[in-house]
Each structure stands twice: as C-alpha cells, then as structure tokens.
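A structural walkthrough
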Amino acid sequence: MIATDPRLAEPTHGDTPQLYAKRVPVFPRKIDGPFRRFKWAVMVACLAVYWVTPWLRWNRGAFAPDQAVLVDLAHRRFYMFAIEIWPHEFYFVAGLLIMAGIGLFLVTSVVGRAWCGYACPQTVWTDLYQHIDRLIDGDRNAQLRLHNAPWTGSKLARRLLKWSVWLVVAFMTGGAWIFYFADAPTLQRQFWTGVADPVAYITVGLLTLTTFVLGGFMREQVCIYMCPWPRIQSAMLDEKSLLVTYKHWRGEPRGSLKTAHRHLETGLAAVGDCIDCHQCQAVCPTGIDIRDGAQIGCITCGLCIDACDKAMAQIGRPRGLIDYCTLEDSAREARGQADTPVLKTILRPRTLIYFGVWAAIGMGLLFMLGTRTRLTLSVAKDRNPDYVQLSGGAVRDGFTVKLRNMEDRPRRVTVATAGISGARIFTDDMDDHAARGALAMVVPADTTLRLRLYLLGPKGAKPGAVLFQLKATDREGGQDQVRSTFSTPEGNGQ
Ligand code: SF4
Ligand code: SF4
C-alpha cells in the first residue's frame, strides 16, 4: 500500500484541512555510494545523448537532409538514422509511443520506479540543479543556514550567482531541444547571428524558462503533485515489485547508539538496527523519510540506501537495513526465510504478458517497416461534377491523384488503369486527344507529385458507377494501386 505524501495532511487552519501545502524546501546532503555513482553515470549518459544526437550526421543522398535524427516539420518528415517516416505513416510513431508506455509498465513491474529515480528528465535536471546548489552554497547545513539567514547583500549576491548558473544550464539544456527540429549547424549559426526564425527564439525562451522553474524551484513538487505517473505506478505495484524498502522488522524499535548501549548495560530489551541518525532523510532529494513506508514522493533513487549502508558500516552492522527489496521478500526475511530467486521475481505472469505485448508490437512495426512500399498512390474522385459529358458523347471523370516517391532518387513511374477496358487517361497539361491507356512520368526524389488526372470512358460503358483500379509501377517493380469509381450518366452508350 503506497501512502500519500504526508505533507498533504500537514497544513491545517483550525480543524479544516487545507488543500494548499506550502513547499517545504529540501536541501539534500551530499552522499557517495554505488547508487549515487550509478545516478551520475545515467545523468551523464542522458545529457550526452540529448546534446550530441542532433549533431550526428547520416548520409541520405542529395535529396534528403543529412541530420541523423530530425523532426522536419516544414516538410512533414521524421528522420531517425536509416528510417524516414512520412505523415501517412504516423502509425509508426504511435506504435513507438505505445511501446514506450508498455516498456515503462514492464520496467515498473520488474524494478519499480527506476525511470523516476534515474532517467526521467525532471529527475536528471533536479539532480543537476541540486549539485549546482552544493557547489555554490555548500552542503546541506550551509544551505539551510543561508536559507534561514535574513536577506543581506551577500545573500542576494549568492542567490543571483546561483540563479544565473541555473539560467545558463536551462538555456543550454532545455534550449537545445530546438536542434531536433532543423539542421543543427545551420540553426546554430542563424541563432547566434540573429537571423533564425522568431519561432526558434520563442521556443528557446519558453524551454529555458520551464527548465529554470521546474528544475530550480519546483523540483520534487513536479513528481509529487504534477506528474500523473506516480499515481499510475502506485496502482501497478504489487508485493512482488522492487521498492526501496525500510525493513521495520530489523530497524525497530529505533534508538540512538547511546540508547542501545544503555539498554545493553541495564539489561533492557535490545533496540533495532536503526540508530535514528536521519541520514536517509537528509540525503533524500524529495525530502521524505522512507521509514514511514512506501510513498508517492519516493522516486526510488536509492540514495537513502547509500546513506544507511554508510551508517551501518560505521556501527559495524550488516548493510541493507534500507534496500531494494520486494514486500514479499522483506516479509520472508523477517521470518528468517531465503529471498525469492531473482529469476522467479522477474519471470512472472504480469511481466511476461507486458513483454509479450511489447515484443509483438515491436515485431509488427519491424515487419511493416521492412515490407512497406516506397511508392504510394492515393486518389480522390471529383464529386462536383461527378462526370462531364463531352460534345462527341464521351464521358470524362476527374480525379486528384497523389503519387508519393519515398526514395531518395527520382523514379520513372507508369500510371495506368485496370478493370475498365478501353479507358484512357490524360492530365490537365495534355489535350484529351492525347489521352492513352498509360502515362509515364518522373517523380522527383522524396516528393509527392499532385496530379489532376482525367479518365475518358470507353464507348458503351455501363451506366452508373464502374469500379476500376489505378496502378503506379516503376521499373524496379515497386508498385501501388488504389480503387476508385468511374461515373457515367444513365443511358450513356445505349
Ligand atoms: S526515500 Fe530514498 S529512494 Fe526514495 S526518493 Fe528518498 S532517497 Fe530516493
Ligand atoms: S540512515 Fe539508516 S540508521 Fe540512520 S535513520 Fe535512516 S534507517 Fe535509521
């Protein structure tokens, strides 16, 4: 059972609970240990990937941009290394988003809130900003002193220095997002010479501001009050999910070292392993006390494990009073039984179902990617008028055709009709006498060719609507076909 944030219940006015809770500032103490080092590694990796990706190049030939990852809104394309997604293929993006969602479910059911603790952008930025705080103001105690000190010239100078560094970091990180939406080297030159599109400056301004506010001032409040994910996760966790857990059965009754010694000397019952040093709470980036049980505020970053292991080492007791542990294993340990084997914890029906669905969607997307046609055709029939009866008695229907060449080279394509014998086609830059059974044309690389196409019906065509196919074929065997109808007036050819 996940407890709600205890701070929600704190502020009261008389007997009436208040819906608004003023933020209690958090000044996490510096800590070193395996989880802290892992967090550094993930932070560096995430920021490096984020910064470097827009500058990677990928050769797609002369007709497409050479940026490896690019969301080209102007031309409505999404490039990701060898993959190019067109607007009509948005289902690939939707599929990837669904996979990301199910992947999060899978990760949560196997290793709890690992995303929140290590890789979520809000966590990465908050961590970075807390480190800047320590560099400028000092560790927890110095920050607390400065926070409680009256406003003086020196406090103001420190604050201005810190906010300036926050702002530079926000600009360099949040602002860098724009490089995913245009050629990065070009946009950077334009940006600094003041000739970039105003949208670029506005976007950088907004992203800098939101990073500055969310990472600098709101921090853990985003996780506790704004983000829906902790609520969803609370519903997904069960007794087999890995959580950062304080082992009550081992830590309680808690008491200082002094108390423990006094109990030993006077023959009173022994106290638990928790020496009530509050180090777990002091290092927590969200300021909670994990000894109160699992909470929405716990992003499972593991820093309290580092702190408590250090405390245990100092008093010569085994590590792991706070540890990554399933509720089931914690109960087993309390009874003196061995932990559930790791494989059994990971390979359970829920995780296997998530993995199965995730893998099936992934395989489906890969299959569609491998078999998708790079030449596509779409057709919209004119409805007003449905047909035109020419002076010689022939009937002409009009169509708007889109011929899409998704390859990075021009292609010679033949467009022809099928299923309606004797029909001839021509475009609006041709005379109807030049109409023929098939038209050849060159479709430039990476382009959608829009055509006005007319179909002249065969003499004696049946009245009403006749179903036919329009086919596009290139020399290498690429092809696509669509169906449409040819309308003729009642009594035509009778
Ligand atoms: S309680 Fe521990 S694991 Fe949870 S957020 Fe705080 S330090 Fe991280
Ligand atoms: S760090 Fe460990 S010993 Fe210290 S208060 Fe927290 S749980 Fe108890």
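Our structure is the block above this text.
Keep in mind it's a predicted model, so treat the numbers as computed, not measured.

A few words now on the packing of helix α2 (residues 90-111) against helix α17 (residues 349-371). The N-to-C vectors of α2 and α17 enclose an angle of 160°; their axes lie 9 Å apart at closest approach. For the element pair α2 / α17, the angle class is roughly antiparallel. In this structure, α2 crosses over α17, and the sense of that crossing is left-handed. Contacts between α2 and α17 pair Y91, F92, G95, L96, I98, M99, I102, G103, F105, L106, S109 and V110 from the former with R350, T351, Y354, F355, V357, W358, I361, G362, L365, M368 and L369 from the latter. Considered class by class, the residues forming the contact of α2 with α17 number 17 nonpolar, five polar and one charged.

Before going further, it helps to spend a moment on unusual backbone geometry. The omega angle of the peptide bond from E252 to P253 is -5°, so this bond is cis rather than trans. Here N384 and P385 are connected by a cis peptide whose omega angle stands at 5°. We note that R219 has phi near 40°; this positive angle belongs to a residue other than glycine. Here R219 lies in the loop between α8 (198-218) and α9 (220-226).

The next point concerns the nonpolar core. Core analysis: the largest hydrophobic core is formed by 25 residues, its most contacted members being L47, L128, Y129, I132, I178, F179 and L187. Only α1 (34-52), α4 (121-137), α6 (153-173), α7 (184-192) and α8 provide two or more residues apiece to this core. It is α4 that contributes the most residues to this core, six residues altogether. If you look at the next biggest cluster of nonpolar residues, it comprises 22 residues, including L375, L403, V413 and M441.

Our next topic: the site of ligand 1. The environment of ligand 1 is formed by V244, C284, P285, T286, I288, I290, C298, I299, T300, C301, G302 and C304. Of the residues in the shell around ligand 1, the class split is nine nonpolar, three polar and no charged.

For the rest of this paragraph, the subject is a nonpolar patch on the surface. On the surface, a nonpolar cluster with roughly 970 Å² of combined accessible area is contributed by W51, V52, L56, W58, M80, F81, I83, V168, F171, M172 and W192. Those elements that provide at least two residues to the nonpolar patch are α1 and α6. Sorting elements by how many residues they give to the nonpolar patch places α6 first, with three residues.

Close contacts around ligand 2 come from Y246, C274, I275, D276, C277, H278, C280, R291, C308, M312, L321 and I322, and that covers them all. Considering only residue class, the shell around ligand 2 consists of nine nonpolar, one polar and two charged.

About the cut-offs
- Residues numbered from 1 in each chain as written.
- Chains lettered and ligands numbered in written order.
- Predicted model: local features only at pLDDT ≥ 70, side-chain atom pairs only at ≥ 80, totals over all residues.
- Heavy atoms only, no water.
- Axes fitted to C-alpha atoms, helices over the stretch in contact; angles between N-to-C directions.
- Helix = DSSP H or I, 4+ residues; strand = E, 2+ residues; numbered from the N terminus.
- Parallel < 35°, antiparallel > 145°, perpendicular 65-115°, else oblique.
- Left-handed = near helix turned anticlockwise from the far one by under 90°.
- Contact = heavy atoms within 4.5 Å.
- Nonpolar A, V, L, I, M, F, W, Y, C, P; charged D, E, K, R; others polar.
- Core = buried A, V, L, I, M, F, W, Y, C linked by side-chain atoms within 4.5 Å.
- Buried < 20%, exposed > 50% of the residue type's maximum accessible area, 1.4 Å probe, protein only.
- Near = heavy atom within 4 Å.
- Patch = residues over 30% accessible without salt bridge, like charges linked within 9 Å, V, L, I, M, F, W, Y side chains within 5 Å.
- Areas by Shrake-Rupley, 256 points an atom, 1.4 Å probe, with all protein chains shown as cover.
- Salt bridge = Lys/Arg side-chain N within 4 Å of Asp/Glu carboxyl O.

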